[in-house]
Structure formats: structure tokens, C-alpha cells
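# A look at the structure
Residues per chain, in single letters:
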Amino acid sequence: MSHARIVLWLSLTLRPTRVLCTARFFEGQSPGLPNPAAMENGTGPCGEECPREVQETTITEGAAKIAFPSANEVFYNPVQEFNRDLTCAVITEFARIQLGAKGIQIKVPGEKDTQKVVVDLSEQEEEKVELKENEDLASGDQPRTAAVGEICEVGPEHSSWQSWNLAGDRGLLEGESYRRWVVGAPWGPEEDGDGGVREVFCSLQQEGLHVLEGLAASGLRSIRFALEVPGLRSVVANDTSARAVDLIRRNVQLNDVAHLVQPSQADARMLMYQHQRVSERFDVIDLDPYGSPAPFLDAAVQAVSEGGLLCVTCTDMAVLAGNSGETCYSKYGAMALKSRACHEMALRIVLHSLDLRANCYQRFVVPLLSISADFYVRVFVRVFTGQAKVKASARVKFSAACGPPVTPECEHCGQRHQLGGPVWAEPIHDLDFVGRVLEAVSANPGRFHTSERIRGVLSVITEELPDVPLYYTLDQLSSTIHCNTPSLLQLRSALLHADFRVSLSHACKNAVKTDAPASALWDIMRCWEKECPVKRERLSETSPAFRILSVEPRLQANFTIREDANPSSRQRGLKRFQANPEANWGPRPRARPGGKAADEAMEERRRLLQNKRKEPPEDAAQRAARLKTFPCKRFKEGTCQRGDQCCYSHSPPTPRVSADAVPDCPETSNQSPRGPGDAARPGID
């Protein structure tokens, strides 16, 4: 076959009068064909670029260069760079798995060319693939590859040729998308035996991933996908704001990715509802809204393909962390508890909400990676269809569920139980997939600016106990019984000596995730309290500390440091829990049309709220008068030696004032009262 090809691109649809576009000549390579959807959205080569505005900022992140207005009209937050880097790494490994099953090897800049294709197959299928690979290598065929910045599709050598009679079979092609390939020179129609005219058509089979970013803003994430993730067929960058879509078009032209990225202005929910058909679903859907993604989840679980990847970010952590349980229930269908393990509980609430919505359509989710970082949570799940798995999501089998095997009060501290959830109770990570992402990032650290942090977080995730939901914290255990806090290695060693499993959690620096029952954990804390005794006379008999410490431990804890108590990620000094690199590191204000610059808006908000929640300052006379309204507790006990110099009142206490709430008499009359964060004074319960 000659290497010279004349390729003619036909616009849809075939009409009685055929419209032929400009012919292009290529030497030994497949053509880069125009994208009709991109041309419709004004991002084609003939599209006119909108004029630049005066006040504009240009930033570079990853391989993308993005221009956005200095005023806060289009949302952008540099804090989310870790989120975007991690998403590019996850989608790359997802593409490696999906395309590897089709015999396509992806090429990532910076990786070795000898990297193997990753395929999820059974043992018998693996043997067949090995035999097929050996046959291909013996015949001298090169494996197909997919590179970044290119449309991943199969050329005519991998497609079947079909011959159509334009007169008789026109209806078969009506509304279909075909690209016409004519091999050989000169080109001309074929003559059939009946004197009719036939033409040869071949529909290119597109193997790459179809990606949707539902809320694209400036288009930064979509453009980074096009420039950094191989194996893509197309990326739809959608936003409901006309200003944002106009900015996406300009940034697409700026980065020369119009052949991959298609700007779209639509409501993200309606766009996903319009792609519910199996042939029109997206392989990857990325949702990163401002606040809660709850309004988009129902449409997302229907628009993602079978086994497709769904990436969801939640920044409404105040709701998910238990500050408003009713709001959390209305959005996610679960009650959040205000506890130290609120960050992992937030992840499990989001996973449960996704699975609950998918179950309505006989679908279910399989978590690949769940991250709690900075001020948000991020989950990566695959969506499948299966009635049997959907029934298993209820955790029961053809019978009613039973209540929790607990009493109304805790057997250890005597306090009431709090009921939260329901939450996702299964593992929140696929450790095999996490290991692949970690290996790829570690082998190519220069690919992402936040590679060091990605390595640290993923390393901690691989060390987590996958079958243990939630966790304790060191300060929580110590503050409950009012004792000194043991070191992380001491507590981990005690649990390991008692033959329990223990791990850290990426969601909290002081977390202790263990399969030890609560009774064993409190026995260890009772043994620790014996080494650092607590003054029992200061404890109220109804306090949790008094009730816990009044029981003798059955388990004798050993706090000798063990070598395996120090996890590998901690020994290597990886960046596991990053400190804020600059001031005001966190959420940004919502983008508003014609709004002020983000920094100006934040400064104005701080000025308006300055000291709004604080009491006005008082002088010495006002403070002395206020303290005289409190009776002196030591005077009541007959032990106050200050007399008239005491800053508190020596008058008999009024019935409205409780003796338990009376502060101590200070050592000197000019000493100001201690705040709630100061050390406890003698005589106070």
C-alpha cells in the first residue's frame, strides 16, 4: 500500500448535492481532522477570537497557560493545584487500564518507553494476550500508542471498509458521522457492474476517553487534561456562565487544543441528562462545584459510561463535618456527627450519597481513591450496572435490618450515644489502583508541581487499614480522661504489643485507626494514666473521666517502642500533612459578574467583620466593677486572707448566683482573671 494518501473530510449529512471540503495531503501519518463541535462553539481554526480585556492575569499551571480577568468574574483558586494534579494522575492511570485492554499503550512525557501496558484480565485472558503479543512481535507489528495532545482513534488499517451505493443506501448514512478515506492515487469513484457509482467509506473507530468537566470556569482543568493526559478522544469544557465560556474559548486557542477541547455553555445537569443513552455517555465526568455537588449527582451517575470514572469534589465541609446535621441530611441523605473523625466521615457520607443515587438506576459505585485535603474532600469512583450488586448495597439480604447492638448509654463513659449516618461502610480506596498512581508519580516526579505531596498522601493511604471505618485521635483520648498525651509511637506500640492492628489516616495527623475494641483502647489509656496520674479529687463523679478511670484495666499495656510502630511514610520523611504555605490559604469567594478582585473582596469582608464577634474592650475600672459582682468562693469557705483588697465580693451570695460558678480569689488584687485557656487554679473542679 502506498504511503501517500489523499484524505477527504465529509461534513454531515449526505445530501442530494454533496458538499466536499478542502482536501489535505499527508505523508505516512493520519490527518488531524477538524472537530465539528469545536467549530460550532467558535473554537475552530476559522473562529474569531474575542478581544482581550485590559485588566487580565495570566498564570501557568502544569503544561497549561491560562488567562483570566483580574476581577473575580471567573473562579480560580491556586490552592486546588494539588486537586488538579492528582486528577490528571488518576485519569492517566484510568486511561492506561481502559486502553490497555484494547491493546493501546499510552505515552506520558517523562516516562520510559518500555513501560508495560496495564490490563485487568483473568489468568486465561492474560495467556491469550501474551500469545497474541508474541504473534504480533513475530510478525513485526508495532503496538498502537496514544500520546498527549492527540486524538486517540483508530485509523483505516484497523477498521473495516464498507462500500455503499449512494443512490440506494443513502438512508443508511443519514445522520451518521463518517470520514471518508480514499487510498491510492489518482482518486476516483468506483464503477459497479450495473453502471452505478459506488464510493468507499470507513467510519473511524474512536477508542479514546470522552471527558466532561461540568463546571469548567476558566477551562484550566480541561486544558490540562488535553495537554497532560494521553488517550483522550475529546474533552467537553462546560459552564453555565457566558463570560466563563468566552474565556474558555480564548484559553483553548491560547494553548492550541481546539482539536480536543470543546467549549459548551449549558446547565451541567441538563447536559448530563441529555447524554443518558449508552452510546452518548462520558467515560470520565469531573465535578468541582463551588460548595456542594449534591444537585449534580443524580445526573452524573446516569451520564457516565459502564465502568466509567466519576470525580467529585465537595467544599461544603462545614455541613459534612457536622455543624449542620439537618442540612447534611437534606443534601446527602445522612446525618453528620461533630467528632474528631469528621473528615473521614465526610468521605463516607459522600460515597454513600453517590451509591444511593446510582442504585435508583440499577447502578453502583466502586471507590478508587478518596481524599480529604485542605478544606475539601475529593472522591474518585467507577460506576457499574448490576442488579445483584445494587441489592448488596443495603448490606442486608432479603430481610429487615436489625438495630445497633448498643445500649442508650456508653458502657465506658456513661454518656448518651449519638446516631449518625448512614455512611459508606466498605473500603474507600482501591489499594491496587492507588499503588499504580503512586508508582507512576514516583517514577516521574517532574510531571507535577505537587508530586511530593501526592507521594506523601498516597503513601499514607496505602498504609491505612482498609476495613476499619473512622479513627480516634491522640488528643481526644487524652482530653477525655484529663491526662498527658502519649506519643504516637507509644500508643501504636501498645496496640501492637496487644496483638491489634493499627495505622495512621491521611485525613488527620494525630489519627489512630485500629481494630482494637473500645474496651481495650480504654484499658491502654488507664495504664497510661497510672504512669502519669490524674488528681482524682478534681474530677466530678459524673464526668466521663471519673467513670473510665474508676475501672481497673484488664489489659496490661506495654509502651515499649517497637520498630514497626513507626510507619514507612513517617520514616522516609514524606510530605504527608502539608502546612499552609501562605496566609489566607483556603477557599476563595464565589465568582460574580463584574465583581471586585478576589483579594479586594476578601479584604473588604475582613474589614466589615473585624471585631464583630468580640466584646468591646473595657478599662481597669470597668473590669474591677464587673469582678465585684462575683462572690468570692474562698471567703465563703473562710480561707480568703485578702479582706478588702480582694477583687471579688465578700457579700453574701445572692440566690441567683451558683456557688459552683464562683471564680477563685487571685493571689494578688491587681491580677487579672484567667481566661478559659489558662492553666487550672487550685480549688476549681
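Here the structure is a predicted model, which is why all the values come from computation and not from measurement.

Along the backbone of the protein there are 22 helices and 20 strands. By the burial criterion, 45% of the 685 residues in the protein qualify as buried. Long-range pairs, those at least 24 residues apart, make up 69% of the contacts in the protein with a sequence separation of at least 6. With the model as given, the accessible surface of the protein reaches about 36600 Å², and the carbon-plus-sulfur share is 50%.

If you trace the backbone, R378 turns up in strand 17 (residues 376–385). Along the backbone, R378 and C314 are 64 residues apart, and their C-alpha atoms lie at a distance of 6.5 Å. A polar atom in the side chain of R378 sits 3.2 Å from the side chain of N83. A distance of 2.8 Å separates the side chain of R378 from the side chain of T87, its partner in a polar contact.

Turning our eyes to something else, we now look at the environment of V512. The topology assignment puts V512 in strand 20 (residues 508–514). As a C-alpha pair, V512 and V502 span 10 residues in sequence and 6.8 Å in three-dimensional space. Every residue in contact with V512, bar those within four places of it in the chain, is listed here: Y471, Y472, L474, L488, L491, L495, V502 and S503.

Each pocket or cavity is described by its volume, and for the largest pocket that value is around 2000 Å³. What lines the largest pocket is a set of 45 residues, and nearest its centre among them are L337, H417, Q418, L470 and Y472. Residue classes in the lining of the largest pocket are distributed as 23 nonpolar, 15 polar and seven charged.

Cis geometry marks the peptide bond from G421 to P422; its omega dihedral reads 5°. Checked against the element boundaries, P422 lands in the loop between helix 12 (387–392) and helix 13 (431–443). We note that Q362 has phi near 60°; this positive angle belongs to a residue other than glycine. Within the secondary structure, Q362 is located in the loop between helix 11 (342–359) and strand 16 (363–373). Note on Q362: relative accessible area 35%, which makes it partly exposed.

The next thing to look at is empty space enclosed by the protein. Inspection of every chain in the model, using the stated rule, returns four cavities of 30 Å³ or more. When its volume is computed, the second largest cavity comes out at roughly 60 Å³. Taken together, E344, R348, P427, I428, H429, L431, I461, E464, L465, P466, V468 and K513 make up the full set of residues lining the second largest cavity.

Packing of helix 16 (residues 488–497) against helix 17 (residues 518–531) leaves a shortest axis separation of 11 Å and a crossing angle of 125°. Taken together, the axes of helix 16 and helix 17 are oblique relative to one another. Here helix 16 and helix 17 pass one another in a crossing that is right-handed. Contact with helix 16, carried on its side by Q490, L491, A494 and L495, involves L521, I524, M525 and W528 of helix 17 and no other residues of that element. Of the residues in the contact of helix 16 with helix 17, the class split is seven nonpolar, one polar and no charged.

If you walk across this open sheet you meet the three strands as 18-20-19, and the pairing is antiparallel. Two strands in the sheet have a free side with no partner beyond their single neighbour: strand 18 (472–473) and strand 19 (502–505).

Turning next to the pairing of strand 20. Consecutive residues of a regular strand have side chains that alternate between opposite faces of the sheet. With respect to burial, strand 20 is a largely interior element, five of its seven residues being buried. Here two bridges tie strand 18 to strand 20, and the two strands are oriented antiparallel to one another. Its bridge partner being in strand 20, Y472 is matched across the sheet by V512. Note: strand 19 against strand 20, three bridges, orientation antiparallel. Its bridge partner being in strand 20, S505 is matched across the sheet by C508.

Throughout the structure, instances matching the rule amount to three aromatic pairs. Arranged with centres 5.9 Å apart and planes meeting at 25°, the rings of F364 and F384 form a pair that is stacked. One end of the pair, F364, is in strand 16; the other, F384, is in strand 17, with 20 residues separating them in the sequence. With relative accessibility at 12%, the residue F364 sits in the buried group. Ring geometry for W528 versus F559: centroids 5.3 Å apart, planes at 65°, classification edge-to-face. Separated by 31 residues along the polypeptide, W528 in helix 17 and F559 in the loop between helix 18 (544–549) and helix 19 (568–571) bring together distant segments of the chain. When sorted by exposure, W528 lands in the same class as F559, which is buried. Directly above the ring of F82 sits R453, whose terminal nitrogen or CZ lies 4.3 Å from the centroid.

Attention now goes to the pattern of salt bridges. Enumeration according to the criterion identifies 25 salt bridges in this entry. Of the charged contacts in the structure, one is a salt bridge between R243 and D246, with a shortest N-O distance of 3.8 Å. With R243 and D246 both in helix 6 (residues 242–255), this residue pair falls three residues apart, about one helical turn. A relative accessible area of 17% places D246 in the buried class. Residues R501 and D515 are paired through a salt bridge, measuring 3.2 Å at the closest nitrogen-oxygen approach. Taken together, the positions of R501 in the loop between helix 16 and strand 19 and D515 in the loop between strand 20 and helix 17 put the pair 14 residues apart, joining distant regions of the chain.

Turning our eyes to something else, we now look at the sheet that holds strand 11 (residues 209–213). Pairing is mixed in the open sheet, where seven strands are placed in the order 13-12-11-14-15-17-16. The open sheet has two edge strands, strand 13 (261–265) and strand 16, and neither has a second partner. Put simply, the sheet's adjacent strands are angled 15° from each other on average, direction ignored. Pairing of strand 12 (residues 232–239) with strand 13, which is carried by five bridges, proceeds in the parallel orientation. Of the residues in strand 13, the one forming a bridge with N238 is S264. Of the strands in this sheet, strand 12 and strand 13 are in contact with helix 6, which crosses strand 13 at around 165°.

Criteria and cut-off values
- Residues numbered from 1 in each chain as written.
- Predicted model: local features only at pLDDT ≥ 70, side-chain atom pairs only at ≥ 80, totals over all residues.
- Heavy atoms only, no water.
- Helix = DSSP H or I, 4+ residues; strand = E, 2+ residues; numbered from the N terminus.
- Buried < 20%, exposed > 50% of the residue type's maximum accessible area, 1.4 Å probe, protein only.
- Contact = heavy atoms within 4.5 Å.
- Areas by Shrake-Rupley, 256 points an atom, 1.4 Å probe, with all protein chains shown as cover.
- Polar contact = N/O pair within 3.5 Å; in protein donor to acceptor, adjacent residues only side chain to side chain.
- 1 Å grid on protein atoms, 1.4 Å probe; cavity = no way out; pocket = protein on both sides within 12 Å on 5 of 7 lines; lining within 4 Å.
- Points joined across faces, edges and corners; volume = space filled by probe spheres on them.
- Nonpolar A, V, L, I, M, F, W, Y, C, P; charged D, E, K, R; others polar.
- Axes fitted to C-alpha atoms, helices over the stretch in contact; angles between N-to-C directions.
- Parallel < 35°, antiparallel > 145°, perpendicular 65-115°, else oblique.
- Left-handed = near helix turned anticlockwise from the far one by under 90°.
- Pairing = 2+ DSSP bridges.
- Phe/Tyr/Trp six-rings, centres within 6.5 Å; stacked < 30°, edge-to-face > 60°.
- Lys NZ or Arg CZ within 6 Å of the ring centre and 35° of its normal.
- Salt bridge = Lys/Arg side-chain N within 4 Å of Asp/Glu carboxyl O.

So, to be careful, I would describe these as geometric facts and stop short of saying anything about function.
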